[in-house]
Each structure stands twice: as structure tokens, then as C-alpha cells.
Amino acid sequence: MEIISAIITCAGTVVPSLCECLRHQCNYLLHYGGNTSTLKVKVEELEAQRKDVQVLVDSATSALKDIKSEVQDWLKSTDELLKEEEEANKGCCLNCCSRYKLGKKAVKMASQIDNLIDRRKRFGSDVSQPPQVRRLEYRTASGEVFQIFSSTDKAMRKVRNDLKDASVVGVHGMGGVGKTTMVEHLAATALKDKLFDHVVKVTVSQTVNLINIQNQLARGLGLTFRNDDTEEDRKDKLRRKLIQEKNVLIILDDLWKPIDLFKVGIDVGVLKTSNSKILLTTRKKDVCNLMDSRETNLDQLSEADSWSFFASIVGTISDDSAEFESIRKKVAKECGGLPLVLQTIAKTLRTKDLVVWTIALDRLKQSRPANDDNDEETRMFLVLKLSYDYLKEWQARYFLLCCLFPEDHNISKEELARYGMGLNLFENKTRTMEEARGDSVMIADKLIDSRLLLKGDKEGLVKMHDVMRDMAICITRPSKEAQTASSSSDVNEVFLVIADGILKVDANYTGISLMSDELRSLPDALDCPTLQILLLQDNKYILREIPDNFFATMNALKVLNLNGLQATSLPSSIGSLGNIRVLYLDHSKLKDVSILGKLKNLEVLGLKGSHIEALSEDLGQLRNLRLLDLTQCPYIKTIPSKLLSGLKSLEELYMQGSFADWELVDGANSTIEARKASFGELVNLPCLTILKVDISNVECISSLELQSLPNWRKFNICLCRSKYVRSKIEMFSGSNTKFPRNLVLDLSMKKLPSWFLDLLSEQSVKSLIYTHNDEVLNILEEYEVGHLDNLMSLSVEDMDHDAPLMSMKSPKENPVFERLDKLCFHHIGLMEKICVGELPIGSLAKLSSLEVKQCNALVSSLLSSNLIKRLATLKVLNVNGNIGVTEVFGFEGLEEGQSYLKNLKELRLNNLANLVNIWKGSAGFATFTNLKLVTVIKCEKMTHLFSVSMCQSLQQLEDIWVEDCSAMKEIIESDQANSSTINVELPKLKTLSLQNLPQLTRFYVHNANLQCPSLEYLHVVNCPFFAAATADFHSLNQVQENNEQHMKLLRKRISVAWVYIREYIFVKL
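Residues numbered from 1 in each chain as written. Predicted model: local features only at pLDDT ≥ 70, side-chain atom pairs only at ≥ 80, totals over all residues. Heavy atoms only, no water.

Details of the environment of G786
Part 1 of the reasoning: Position of G786 among the secondary structure elements: in the loop between α26 (779-785) and β23 (793-799).
Part 2 of the reasoning: What makes G786 buried here is its relative accessible area of 0%.
Part 3 of the reasoning: With 37 residues separating them in the primary sequence, G786 and M749 have C-alpha atoms 6.0 Å apart.
Part 4 of the reasoning: If sequence neighbours within four positions are ignored, G786 has contacts with M749, L757 and L760. (Helix = DSSP H or I, 4+ residues; strand = E, 2+ residues; numbered from the N terminus. Buried < 20%, exposed > 50% of the residue type's maximum accessible area, 1.4 Å probe, protein only. Contact = heavy atoms within 4.5 Å.)

Dropping the structure here:
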């Protein structure tokens, strides 16, 4: 009887819930017509709102105003939703199943539109913000500390004085003397001393490119050009922008000849009225004079300063004999007082013994010109060449390869690796593409350490100092002098780097680079039988059409770059390049590439972003192809069967954003003649180790029968039915990611074939995104099915999900997601709770970042006690747009005497309409002992931020930002009953920003003694009733109020954080 009673009781609980759930789901079908009609009305309203906002944005843009990030995000979200709605209504067969799905989607989209319209109301017609100008953060090209010597100190003092009353100031001196480094340091100190508000640096270089100069200046001023802007439009926009800006220092670096500032968009007369200045650097005094500048000469270092600088780089040497020190001093003297030369020679010789130093000194003496009036630049090259001569052959060739790129160009190590592979450059004839990358990184690091190369602006890039580039060009120049100069090396490269509009051919050329050159046309043929590398990319003229016989006599050519080719077909002579190994055709308008099948020795083929519509069967003849890049080739409709399987040497295949409709293995849906490539062809490629690919149908991989798992050491696989979703993912991911193995799914792990699950387990997938999944998803079950033990990043987004994503249905002992570092939940429309049940001890043991965004059905506490227990390592919490959340942390049910969240460093709360408190329950559980940053924006029901008792744990708090919280009355409220004076101390607080808080009256309770000894910046904007003064914070510093530049930097830091996790998942290797 007890059993029967229990069953009846259970049924009485479960059945009504089940019926309610079924009723809810049936409504999607029964009310299909009403739901879709409602959606249609809402879509029309949203489209009207979209047009209104675009008008406001266009108006603000034409006035050179910056558009608010929230407006840009709204436009992007609106466009994505409208596109998704349009796609959902294409080609629908209205059976019961499709009516149910469309009805459900209509309800979801209607809710999303309501949310977008509500967001539109928040910013109203105010779509622009004050321009955020990039501030120059000083760092020398080598990343080393700037040292001031007597010559630089003298020059800097004069330049600072000249900037007080001259609009244009010039610094001239020899190449390598340190002009750029000095003016950058001067700019940094001028910013610190508030002589200027902004600094914009523009590198002009030897080949003057007006558009490039304008682009650099515009970026520095926070100005964006339209694609159809003419040269006159750009000039006018820059001129008007400089009228708006005040106190700007414009650095024009590395001028070789005078330029017309007015043509650029710089009106010197306007600069005078806005207290803006121009500071230029050049090797020639005449340029300073012709630019009407107040000129200063930067001399070489004195002998004493040269030795001091040289010795500091060489460091301590075991042989401290007087003889060795004498040799070192003589070597330093031979460097001519040029910091670049001193640094390069010191780094080359610092690990060598006395014998090598003595030989080096003899060689430096021999490099002295017989005539003292000889060119100083030639003498400098001969001294610098000592470092070059110590390189091994493949290192020297790598160094010379870099001079083929334009001056100040960021050179990709990946590109150098591919070129080096094609030229047989690397030691021991590198065997694989991955080994080539390793060699490229190793050589680049060696050259950077020797000061022959510089670090680039981003990871994976290098640069060449203009003096080093000039030396390399001199070494590769086709002249007797250059050949004599390079006789000490086994390298015999002969390059043409600068055409200056006229292509003069030498039969001995081994390399030609016309990148970004002003050459207007190519000759009918180029007679260069020894040419091995030809770079024509980024040339707006010559790539419009290439003469048919242009490549006819280039029998030795191994590397060819035609990126940006505008022609729709290739010249027939390209088929004669029998020795070509590397060919770039990225972003070309080619539609037919069948002729490439003739290039039997081709190893690297780049077609990224091209317009090709199909891959020809002829490409299957490329038996030596190692790398094929078809990333973002959306026009490819088909790939012939057996083409890919014939590429037996293929090591790397990049296809994301391109073909995804792989043939089913049984071929039931197509004839034999029309069969497409199957995914099985990729699985069976014997050498394939890197795969980045899209799949539209899981059936493409489900029926495959494998004898062994593929050896994909790196992969990006996006398995999504919707082309729109795949393209959306591709916008973030590109062709490279931070993690070596990444997966995007719109289905659960249960639907993946066993071989694929085994692959995920064996290769340890590191990053996983679930998106647009119609199933009920429990990521704890997914963890077990997918063997996700080593997963480091997990994102779940864009789902109609009404069940908790983390549901522990039965107790378990083994921890889950123990190595997970980043966790994101985005746009989970119906989920009311994140986690139900107790996670096993050790779960989420390494989670450092959690982001919850636009999960509007979440109610009460965002993070309940069962989840808080497992967040011991959490450092960053980002919460944005979760309408139903009333508090962030629910401490009810936690064990007394325990501390939680003690590693949390950043708490960011944004657009939480119903948030009342940060926590619920006893504040004693919140031990925020490491919290450094708190931002609260658009939380309109919050009346206070912290309690007095909570402040006791905020000993590391550095920044507080509170904005657009209409109910906020005080930052710290009292939670103590007695009325005695309370001591409140925030010892590390540096910045307090309070903006648009109409009810804020005070920072803390009246009976509190507030101590903020480290406070440096106080921003109070649109807080009419806020009465506190800087003295009330008892800072030991002189507090700066409403410092505009600091506010911009802090706002940028805050805004960047909202996309931090997505960038973490998808960034360049």
C-alpha cells in the first residue's frame, strides 16, 4: 500500500507538470498563425527603428563623431536577427513539424525584437560619444628602456623649447642615431606633463604613399574613412577633425623628402589656433628646412657614452683582463656613436671569446673608407654587416627575405615560413609545414635578439629597422660593390625592391618585390631566368590585368604572391612555372583556377577570400601540395569527388567559411557523374594534421567506417546546419585560433558518431561552442559523452532552452570540467536557473572567467549556493542584460565559517534592469579580498553598491565605475545598528567614476570615517545631488577631478572586457 501511495503521490506531482509542458509545446503548433502574424508586425516595427537609427548614425558619422559601442552592437544584433528571420521563412514546406518549429522560432524572435526595441529606447537619439583618440603608450622598438645621453638630452631640451612657439619642429640625424626612439620618449613625457592631450604617430618612409599616411593619421585621431571616399574627401575630413581636436602632437617619422601637408589634410594655420604641433624626423637637414620647421640635430653619442652603452649590453664577461677591455672599447669606438650599431654589434659579440673580438676589430678597421669624406651611411652599413656575416646561411637568407617587404611593414612569421619552405631556405631542408613554422620562429627570435630584426606590433609579427632594411637592400643590390660586400657569405641574393614607377630588369635578379609600388603596368614578358621569388601583392594598378606571356621565361620561380588580383582569369603563361612551390591568390576575383593543375611541384596554394565557384578536377594532379587555404570562399558550390583524396601529400587544409555540403557516403542523393566530395576523403588523407572545416549535415560523418583515427593534431570543425550561423562563427574565428583543437556544434554529443567522439577524446578538444541547438542540452551529460576532460573553453549561446544547462540528476563522485578556464552563456532564452543539484567536489576547479549575457528568463540569484561552492578560482565575472536577475550571488545555504569567491578580481554588471543587490544572504560569505575592479552600468533598481561590513574585505579594490543607475543613492550603505562612528578604509582605491546617477547623494553613510589614501582620479558627471569633495576621501595623493583622458582610457578598458572571452576563444595563434 505504501508503494502504491507513493506512486500516486508522485504521479500527482509529475503528471500536472508534464501536461503543462506538453500544453506549452502544443501552443507553438496551435497558435502558429497568430505567432507568425505577431512576428511580422514586430519585424516591420524593428525595420522602421533600424532605418531611423541608421539615419542618426549617418548624420553623426558625417559630423565626424564616434558612434557609441552600444549603438553599434544594437545595429549588429538587429541585422543578424532580421537576416535570421528572412532565412527562416525561405522555402518552408508547412507540415506539422515545420509549423511547430516555425511557431516556436516566431515566439523566440518576437521576444528578441521586444528586447531590441527596449534597448533602442535606452539610447534614444543619442548615438554618438566624444571621440576617443588613441593615446601613444611609449615603448621603444626593441621594448627596452630608453637611455638618455648627453647628445639626446641636449636635443630633447631644444625640441621641447621649440614646441612651445613653433608649429613645425624637425629632428635630423644619421640613420640609427635614435631619432624615432627619442621623439617617442619625448612624446610620452609631454603627455605625462600635460603639454599635449593626444599623440598621433605616422610613419612616412622613403616611398611616400599619401593614402597610407592619411589612414595612419585617421586611425590615430579616431576617424574612419568610407570605402568610397576620394582623396579630397579624406583630406577634408582630416582637416575638419584637426579643427575639432586641441593640443595634438603629430609625429611624422622618417621623412626622406618634403611632403605637402595640405594635401594630406593638415592645415598648419589651423594647428596654430588649436595649439597642435607637428614633430618630424629625417636623415636630411634640407628636409627640415624645406618643411619650414624649427630644426634640431641629433648627434652621435660621445666616446664615453658609447662605451657606457656598449658595456651595459655586453654585460659581465668572465675574462676581465685589461687587454680584453681595451679590445671591447676599440670595437665600441668603431661603431661611430650610433646606438643602433652599438647595440647590434654588442649583441653579436657578447658571448664570443677574445680571439673572435680581435678578428672583429680587425674587420671593422678594414671597413674604414680610405677617404674621410666618404659616405657615412656606407661606413655604417659595413660596420653593421659584421653582425650579418656571423649569421649562418639560412639565417642570412631569412634576414634578406625581410627586405622584400615595404618599410615599417609588419611581417608575418607564418608568411616567412611559407616563403622559406618554397625557397628551400631552412636548415636540413625542413620536412613539414609545422617544422617550417618552428624554424621561422627560431630564426626570427635569433635575429630579434641580435637586433637585426624588431618585434612587430602584434604577436607573430616582426619588423625591420629602416637602417637594417637599407643595409639588406645594399647587400642584394646587383652591382660589383654589393657582390664584393657579400663575398664573405655563401648567400648570393640579388633583389629589386623599389621600382619607383619604372621596372628595370636585370637578368640576375633572384627576387623582385613590387608590393604597394606605384608601378602602373607590367611588361609583356619579364626576362628573369634566375628569379625565385616575385611579390606583387597590394598593388592597385598592375594586378588589374597581367599580360598573357608575363611568366613565360621565369623557369626558376618558386614563390609567387598575387594577392588581390582583380582579373577573373590567370594568364596562360602561369602554367609554365614548373618549379613554383608557393602561390598566393588570396582575395582575388578569379573564378576559374583549373590551369593551376599544371603546377606539379606546387606545395602551398592560398585562395583565401577569393571568388572561385568550383574546384576543378585538374587540381587533383597537385600530388605535392602540402597546404591548401580556401578560407572564406563562399562562392564554392561543389568540389569534385576524389579530388581531395588525391592530394596525398596534403598536411594542412583550411576551408572554414567555404564549402560545407559534403556528400553522403552512399551517394543516394546524387548521380555518379555529379557526386561531390565526401568527408571520408579528408579522414583518409595520410599526411593531414591540421584541418579547419565546416560541415552542414552530421550524416556526412555518421556513416563513415574507419580502421584508424585521423591524426589531426590541430582542428577547427564547425558542424552547423545553418549557413548563416557558420558565417557568424567564422566572423569571430577567422582561420586561426588560440587553441589547437576547437569544435562548434548545433547538436548534442549523442548524435555524433563513435569514431568522432573517440577523436575528441584522443586529441583532447580544448574549445567547444554550442549554438542554435534545438535540443534540451545538459552540459554535464555532454561532458561524459564527449570525454571533455581537457576542455578549457566552453560557450553555450543562442538557444530556446528552458531547462538548467547544468543539471546533476544523480549524485556523482568524479569531478566535471576540472580543467575548464572560460565559461560563457549567451542568449539562452528560457532558462530560469543555470545549475540544479550539487556538482561533485573538484568540479570547475580551474575556472577563471564566467560570462552570462542576455539570459532573460533567469530569476532571483544568478549564481546560487550550489554553484558558488565550486567557483573558488573564479577571477572575472561578466553579467550583461539578464533582465530577471535580482541579485548576483545567492549565499543562502552556504556553510558558516567558510569563505567564498576570494579570488574574484573583476566584477562587471551591465544592463540588469531588476538587479537590487549584489548578494542575497549574509555578506560575511563574500570575502572579496582580491577584488580590484567593479563596474555597474544600467542597473536601475540598485540603491547602493556595498555595505559597510563588506568593505572590510575590499582591501585590494582599485577601480569603481558606476553609471546610469537611476535609483542609486549611495555607494556604501550602513548595515550596522549602532550609531557610533564607523571606520571605512579602501586602501588601494585609485579611481572612482560616478556618472549619470540622478539620486546619488553621498558615497558613504554619514557616521563613517572614510579613508582612501591611494585615490588618484575622481570622475563625477551628471550627479546633481552628490556633495562629496576630494578632501572627504583623505587621499595622500593630489586627486585629479574629471580627467578626460583617464576617463577615456578606463572606458576603453571596460568596453574591451565585454568581448574578452570571445577574443580569448578566437585569436591569432
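Observations regarding the sheet that holds strand β7 (residues 294-297)
Part 1 of the reasoning: Read across the sheet, five strands follow the order β4-β5-β6-β3-β7 without closing on themselves; strand pairing throughout is parallel. Each end of this open sheet is capped by a strand with a single partner; those strands are β4 (198-205) and β7. Across the sheet, the mean angle separating the axes of adjacent strands is 20 degrees when strand polarity is ignored.
Part 2 of the reasoning: As paired elements, strand β3 (residues 168-172) and β7 share four bridges and run parallel to each other. Bridge pairing in β7 places H172 opposite N297. (Pairing = 2+ DSSP bridges. Axes fitted to C-alpha atoms, helices over the stretch in contact; angles between N-to-C directions.)

Points about the sheet that holds strand β9 (residues 454-455)
Part 1 of the reasoning: In spatial order, the strands read β8-β10-β9; together these three strands make up an open sheet with antiparallel pairing. Of all strands in the sheet, those bounded by a partner on one side alone are β8 (411-412) and β9.
Part 2 of the reasoning: Summarising the sheet, β8 and strand β10 (residues 461-463) pair through two bridges and their orientation is antiparallel. Within β10, the residue paired with I411 across the bridge is V462.

Things to note about the packing of aromatic side chains
Part 1 of the reasoning: Counted by the stated rule, this structure contains 17 aromatic pairs.
Part 2 of the reasoning: Ring geometry for F1003 and Y1004: centres 6.5 Å apart, planes at 70 degrees, overall edge-to-face. Of the two residues, F1003 and Y1004, both sit in the buried class.
Part 3 of the reasoning: The positively charged end of R328 is found above the aromatic ring belonging to F324, 5.1 Å away from the centroid. (Phe/Tyr/Trp six-rings, centres within 6.5 Å; stacked < 30°, edge-to-face > 60°. Lys NZ or Arg CZ within 6 Å of the ring centre and 35° of its normal.)

Section: helix α19 (residues 433-449)
Part 1 of the reasoning: An ideal rise of 1.5 Å per residue puts 24 Å on 17 residues; α19 measures up with 24 Å between its terminal C-alpha atoms.
Part 2 of the reasoning: Every buried residue of α19 is listed here: M433, A436, R437, D439, S440, I443, A444, L447 and I448. The arc enclosing the buried residues of α19, seen along the axis, measures out at 165 degrees, which places them on a common side.
Part 3 of the reasoning: Looking one or two places after α19, you find R451, whose phi comes out positive at around 75 degrees. (Expected span 1.5 Å × (residues − 1). Arc of directions from axis to C-beta.)

Focus on the nonpolar core
Part 1 of the reasoning: If you look at the biggest cluster of nonpolar residues, it comprises 178 residues, and the most contacted ones within it are W662, F679, F817, F825, I834 and F889.
Part 2 of the reasoning: For this core, the leading source of residues is helix α25 (residues 754-763), giving five residues.
Part 3 of the reasoning: Aside from chain neighbours lying at most four places away, what touches F825 is I779, V796, L805, M806, I834, L850, E851, V852, K853 and C855.
Part 4 of the reasoning: Formed by 99 residues, the second largest nonpolar core is a distinct cluster that contains I327, C335, V462 and I475. (Core = buried A, V, L, I, M, F, W, Y, C linked by side-chain atoms within 4.5 Å.)

What to know about the pairing of strand β5 (residues 248-255)
Part 1 of the reasoning: For β5, the tally of buried residues reaches eight of eight residues, placing the bulk of the element in the interior.
Part 2 of the reasoning: Pairing geometry for β4 and β5, over seven bridges, is parallel. Each residue of the ladder has a partner; that of V202, found in β5, is L252.
Part 3 of the reasoning: In this sheet, strand β6 (residues 277-282) lies alongside β5 in parallel orientation, the contact comprising five bridges. Within the sheet, the bridge partner assigned to I250 lies in β6 and is I278.

Structural notes on unusual backbone geometry
Part 1 of the reasoning: In the Ramachandran plot, D292 falls in the positive-phi region, its phi being about 55 degrees despite a non-glycine side chain.
Part 2 of the reasoning: Relative to the assigned elements, D292 resides in the loop between α11 (285-290) and β7.
Part 3 of the reasoning: Taking relative accessible area as the criterion, D292 reaches 66% and is therefore assigned exposed.
Part 4 of the reasoning: Positioned with a positive phi, S764 is a non-glycine residue whose angle comes to about 60 degrees.
Part 5 of the reasoning: You can call S764 buried: its relative accessible area is 15%.

Overview of the packing of helix α7 (residues 210-220) against helix α8 (residues 231-244)
Part 1 of the reasoning: Direction vectors running N to C along α7 and α8 enclose 30 degrees, while the axes themselves pass 11 Å from each other. Accordingly, the angle class assigned to the pair α7 and α8 is roughly parallel. With respect to the hand of their crossing, α7 and α8 are arranged in left-handed fashion. Touching L210, I211, Q214, N215, L217 and A218 of α7 are E231, R234, K235 and L238, all from α8. (Parallel < 35°, antiparallel > 145°, perpendicular 65-115°, else oblique. Left-handed = near helix turned anticlockwise from the far one by under 90°.)

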